[in-house]
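Descriptive analysis of the structure
Residue strings, one per chain:
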Amino acid sequence: MLPDIENKVIMQDIDAILLDDFANPTRKELAFAKIVDKYKQRLYWHIRRMVVSHDDADDILQEAFMKAWKYLDHFRRDCALYTWLYRIATNCCLTFLASKKKKMQLLQNVVEGYLENTVKSSENFDGNKLEWKLQLAIQSLPEKQKAVFNLRYYDEMPYEQMSEVFGTSVGALKASYHHAAKKIEEYILQH
Amino acid sequence: MKNRNDIEKINWAYPDGYLQNFTPQLMEQIKAEEFLETLPKANVYTMPVNYFTNWKVNIPTQKKQSIFSYKNIGIAASLLLLLAIGMQFVNVQTKQLNNEEITTAIDFMPKEEIIQYVGNNIDEFELEILIIDSVNANSQLVPTISAQEAKEFLQTENLEEYL
């Protein structure tokens with residue numbers, strides 16, 4: 001068996017054991033703590049790239065794992081555990097961003113630019129550097145397209161797994177990614 | 001039987017301009033993705049030092065099951081019904097207990113609160129979980145119904161009548 005596939009199988013075996021332990025009341029909390037330890041970094045960075053602010057990412061990460069705790073008993077194991085967790089985290093991000101947008105419309109009549117401003121106020125921000133321009137370009141994408149782009153570009157998630165995260169066809173995800181890539185190229189070349 | 005020439009004459013429908021636009025669109029996509037590959041993938045965001053060292057999920061502590069839970073309301077309502085049926089066999093000379101005197105958990109709470117709690121405080125996903133739990137715990141008392149049926153049952157008029 002190829003090393004990558006072998007690692008994947010091992011990881012999924014470990015997840016299956018953790019899920020079995022979670023179903024056992026005497027081992028539930030310990031199993032969940034292990035699941036959190038295993039996935040917190042990956043989920044944190046996925047969320048952070050969506051919302052930019054560390055404090056917001058921290059809140060959303062808590063919320064995502066709280067939901068995982070609440071609904072893990074009913075996880076049907078029809079996809080990988082991390083795919084299920086990514087789905088929760090992504091939905092939490094999208095809900096957060098939609099709510100933020102709505103509040104800003106109500107309070108300040110300002111819709112655009114919140115995330116761009118948050119990027120610009122980040123530590124070590126340098127607008128001349130390509131990596132920061134890339135972030136500004138990414139933050140200009142619509143939320144769902146941004147999530148698709150980040151998962152593909154940074155997490156290198158296969159489209160088939162992304163399809164389980166978003167409940168969208170592989171073809172639609174590929175199209176979304178391609179459009180995002182084109183918008184990013186245009187943004188960077190113009191700024 | 002159709003021969004090969006007949007099959008090749010079949011015209012499958014496709015969007016107007018699709019083939020004319022295909023090559024330039026494809027070349028644009030290739031160009032954009034090659035451009036992406038020239039960009040640095042470095043992580044520009046910083047995480048507070050030792051952020052994850054003591055990070056924990058604030059798991060809610062196990063609450064004692066409230067006497068006003070859906071499950072207990074269902075059990076209490078079923079007991080009420082059984083008692084009401086049992087009253088048919090009580091000697092008419094003996095004191096008849098009215099519903100208000102039959103002590104149940106429901107009587108501690110105003111009806112409006114029960115209806116609001118059960119109807120509004122839980123979403124459909126949680127409702128489905130409660131039904132599953134109820135069925136597992138009390139299969140004789142609670143019939144197997146879907147979340148949608150339960151939601152309809154819990155409409156104000158039905159619940160008032162049931163209580």
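Residues numbered from 1 in each chain as written. Chains lettered and ligands numbered in written order. Predicted model: local features only at pLDDT ≥ 70, side-chain atom pairs only at ≥ 80, totals over all residues.

The helix and strand inventory of chain A stands at nine helices and zero strands. Reading the helices (α) and strands (β) of chain A from amino to carboxyl end gives α-α-α-α-α-α-α-α-α. By residue count, 29% of the 191 residues in chain A fall in the buried class. In chain A, the share of contacts with a sequence separation of at least 24, taken over all contacts with a separation of at least 6, comes to 58%. (Helix = DSSP H or I, 4+ residues; strand = E, 2+ residues; numbered from the N terminus. Buried ≥ 20, exposed ≤ 12 C-beta atoms within 10 Å, placed from the backbone. Contact = placed C-beta atoms within 7 Å.)

Okay, the interface of chain A and chain B next. The interface is formed by 22 residues belonging to chain A together with 20 residues belonging to chain B. Among the secondary structure elements, those contributing two or more residues to the side of chain A that touches chain B are helix 2 (28–51), helix 3 (54–71), helix 6 (130–139) and helix 9 (170–190) of chain A.

Residues and elements named next belong to chain A. When the terminal C-alpha atoms of helix 3 are compared, their 26 Å separation across 18 residues agrees well with the 26 Å that a helix rising 1.5 Å per residue should span. Here helix 3 has its buried residues at Ala57, Ile60, Leu61, Ala64, Phe65 and Ala68. When helix 3 is viewed along its axis, its buried side chains cluster within an angular range of 135° and face the same direction. (Expected span 1.5 Å × (residues − 1). Arc of directions from axis to C-beta.)

Turning our eyes to something else, we now look at the packing of helix 9 of chain A against helix 2 (residues 18–38) of chain B. At their nearest, the axes of helix 9 of chain A and helix 2 of chain B sit 8 Å apart, and the two run at 65° to each other. Judged on the interaxial angle alone, helix 2 of chain B and helix 9 of chain A are roughly perpendicular. For the pair helix 9 of chain A and helix 2 of chain B, the sense of crossing is left-handed. Contacts between helix 9 of chain A and helix 2 of chain B involve His178(A), Ala181(A), Lys182(A), Ile184(A) and Glu185(A) from the former and Glu28(B), Gln29(B), Ala32(B), Glu33(B), Phe35(B) and Leu36(B) from the latter. Partitioned by chemical class, the residues of the contact of helix 9 of chain A with helix 2 of chain B number five nonpolar, two polar and four charged. (Axes fitted to C-alpha atoms, helices over the stretch in contact; angles between N-to-C directions. Parallel < 35°, antiparallel > 145°, perpendicular 65-115°, else oblique. Left-handed = near helix turned anticlockwise from the far one by under 90°. Nonpolar A, V, L, I, M, F, W, Y, C, P; charged D, E, K, R; others polar.)

Quick look at the nonpolar core now. Residue and element names in this part refer to chain A. Counting 45 residues, the largest nonpolar core has Ile47, Leu85 and Cys93 as its most contacted members. Secondary-structure elements contributing two or more residues to this core are helix 1 (3–22), helix 2, helix 3, helix 4 (81–107), helix 6, helix 7 (143–153), helix 8 (159–166) and helix 9. With nine residues, the top contributor of residues to this core is helix 4. No fewer than three residues from each of domain 1 (1–111) and domain 2 (112–191) sit in this core. Ile47 has contacts with Ala57, Ile60, Leu61, Ala89 and Cys93, leaving out every residue within four places of it along the chain. (Core = buried A, V, L, I, M, F, W, Y, C linked by C-beta atoms within 7 Å. Domains from an automatic or database assignment.)

Below, the discussion takes up the packing of helix 2 of chain A against helix 7 of chain A. All names here are of chain A. In the contact formed by helix 2 and helix 7, the axes pass within 10 Å of each other and the chain directions differ by 140°. Classed by the angle they form, the pair helix 2 and helix 7 counts as oblique. Classified by chirality, the crossing of helix 7 by helix 2 is right-handed. Here His46, Arg49 and Met50 of helix 2 come into contact with helix 7, specifically with Lys146, Ala147 and Asn150. When the residues that make up the contact of helix 2 with helix 7 are grouped by side-chain class, the tally is two nonpolar, two polar and two charged.

Within the secondary structure, Gln62(A) is located in helix 3. C-alpha of Gln62(A) to C-alpha of Tyr44(A): the two residues are 18 residues apart in sequence and 9.7 Å apart in space. With residues near it in sequence (within four places) discarded, Gln62(A) still touches Val57(B) and Asn58(B).

Residue and element names in this part refer to chain A. In this structure, Arg77 is a non-glycine residue whose phi angle is positive, near 60°. The residue Arg77 is located in the loop between helix 3 and helix 4 in this model. With 11 C-beta atoms counted inside 10 Å, the residue Arg77 sits in the exposed group. Non-glycine residue Glu156 carries a positive phi angle of around 50°.

Quick look at the confidence of the model for chain B now. All names here are of chain B. When pLDDT is averaged along chain B, the result is 65; 42% of the residues meet or exceed 70. Across residues 91–109, where pLDDT falls below 50, the model places 17 contacts with residues more than four positions away in sequence or in other chains. Long-range and interchain partners of residues 134–144, a stretch whose pLDDT sits below 50, account for eleven contacts in this model, where long-range means more than four residues apart. If you check the scores for this complex, the pTM reads 0.65 and the ipTM reads 0.75. (pLDDT = per-residue confidence, 0-100.)

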